[in-house]
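# Inside the fold
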Amino acid sequence: MENLLRVGVISSTHGIRGEVKVFPTTDDAERFLDLEEVILDAGREQITLKIERVKFFKNMVILKFKGYDNINDIERYKGRDLLITREQAVELGPDENFIVDLIGLLVVTDQGEELGTLTDVIKTGANDVYQVKLPSGKEVLLPAIKECILSVDLEKGMVTVHVMDGLLD
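These remarks concern the structure in this document. (Residues numbered from 1 in each chain as written. Predicted model: local features only at pLDDT ≥ 70, side-chain atom pairs only at ≥ 80, totals over all residues. Heavy atoms only, no water.)

Tallied over the full model, the rule gives nine salt bridges. Among the salt bridges present, the one from D27 reaches K123, with a minimum N-O distance of 3.0 Å. Placement of the pair is D27 in the loop between strand 2 (19–24) and strand 3 (37–41) and K123 in the loop between strand 8 (114–122) and strand 9 (129–133), with a sequence separation of 96 residues. The exposed category is assigned to D27, whose relative accessible area is 68%. Ionic pairing is found between K123 and D128, a salt bridge with its closest N-O pair at 3.4 Å. A relative accessible area of 45% means that K123 is categorised as partly exposed. Here the residues in one salt-bridge network are E19, R53 and K55, joined through shared partners. (Salt bridge = Lys/Arg side-chain N within 4 Å of Asp/Glu carboxyl O. Helix = DSSP H or I, 4+ residues; strand = E, 2+ residues; numbered from the N terminus. Buried < 20%, exposed > 50% of the residue type's maximum accessible area, 1.4 Å probe, protein only.)

Below is the structure:
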């Protein structure tokens, strides 16, 4: 399992005083209010940044980091991920998993047949959708609902699904 989890991506600068607009990749953007620091994936290195201020604008989070006081200090980090450690992550409820832990799991049917590999989780609003790559290279989308996703076993690296009528057509 990955030790670092992505909570956002710096999309652009905001003003000239070192603030950045961040597209949140977490379910609850308000969680930035509880973070004191994040880790910037700067490519060759990871930089711990202390959060000085958090604001919200539409679907974006606006962050100001301590020590980054002008646009030139922060502009080069556009497009970079903001990460947190698992210890900083929100506590998951029953039947909840981090997306990063699901990617790459083997997907098998309730009949014991290998269906493929989970390659992505798509957030739709109503329910998540699991993208599964079949051995043939074709991709299938499975709704993440109890009638379809029967179990997720991270230790075995496996998701057991019930393929509902019409999903493989």
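Position of T109 among the secondary structure elements: in strand 7 (residues 106–109). The residues contacting T109, other than those within four sequence positions of it, are L115, T160, V161 and V163. (Contact = heavy atoms within 4.5 Å.)

Another aspect to go through is the packing of aromatic side chains. The geometry of an aromatic ring pair is captured by the separation of the ring centres together with the interplanar angle, meaning the angle of the planes. Taken as a whole, this structure holds one aromatic pair when the rule is applied. On the numbers, 6.4 Å between centres and 70° between planes, the contact of Y68 with Y77 is edge-to-face. For the residue pair Y68 and Y77, the accessibility class agrees, reading buried in each case. (Phe/Tyr/Trp six-rings, centres within 6.5 Å; stacked < 30°, edge-to-face > 60°.)

Glancing now at the nonpolar core. Counting 24 residues, the largest nonpolar core has L63, F65 and L82 as the members making the most contacts within it. Among the secondary structure elements, those contributing two or more residues to this core are strand 1 (4–14), strand 2, strand 3, strand 4 (46–57), strand 5 (60–65) and strand 6 (81–85). In contact with L63, other than residues within four places in its own chain, are G18, E19, V20, V22, F32, I51, R53, V54 and L82. In this structure, L115, L134, V159 and V161 belong to the second largest nonpolar core, which totals 15 residues. (Core = buried A, V, L, I, M, F, W, Y, C linked by side-chain atoms within 4.5 Å.)

This part takes up the pairing of strand 6. By the criterion of burial, strand 6 is predominantly enclosed, with four of the five residues buried. Here strand 3 runs beside strand 6; their pairing, made up of two bridges, is antiparallel. Residue pairing across strands places L40 opposite L82, the latter belonging to strand 6. (Pairing = 2+ DSSP bridges.)

Let us now look at the sheet that holds strand 4. Strand order in this closed barrel of six strands is 1-2-5-4-3-6, and the pairing throughout is antiparallel. On average, adjacent strands in this sheet sit at an angle of 50° to one another, irrespective of strand direction. Pairing of strand 4 with strand 5 involves six bridges; the strand directions are antiparallel. Pairing of F57 across the sheet is with M60, part of strand 5. (Axes fitted to C-alpha atoms, helices over the stretch in contact; angles between N-to-C directions.)

What follows is about unusual backbone geometry. The residue K58 is not glycine, and still its phi comes out positive at about 55°. Relative to the assigned elements, K58 resides in the loop between strand 4 and strand 5. By relative accessible area, which is 75% here, K58 ends up exposed.

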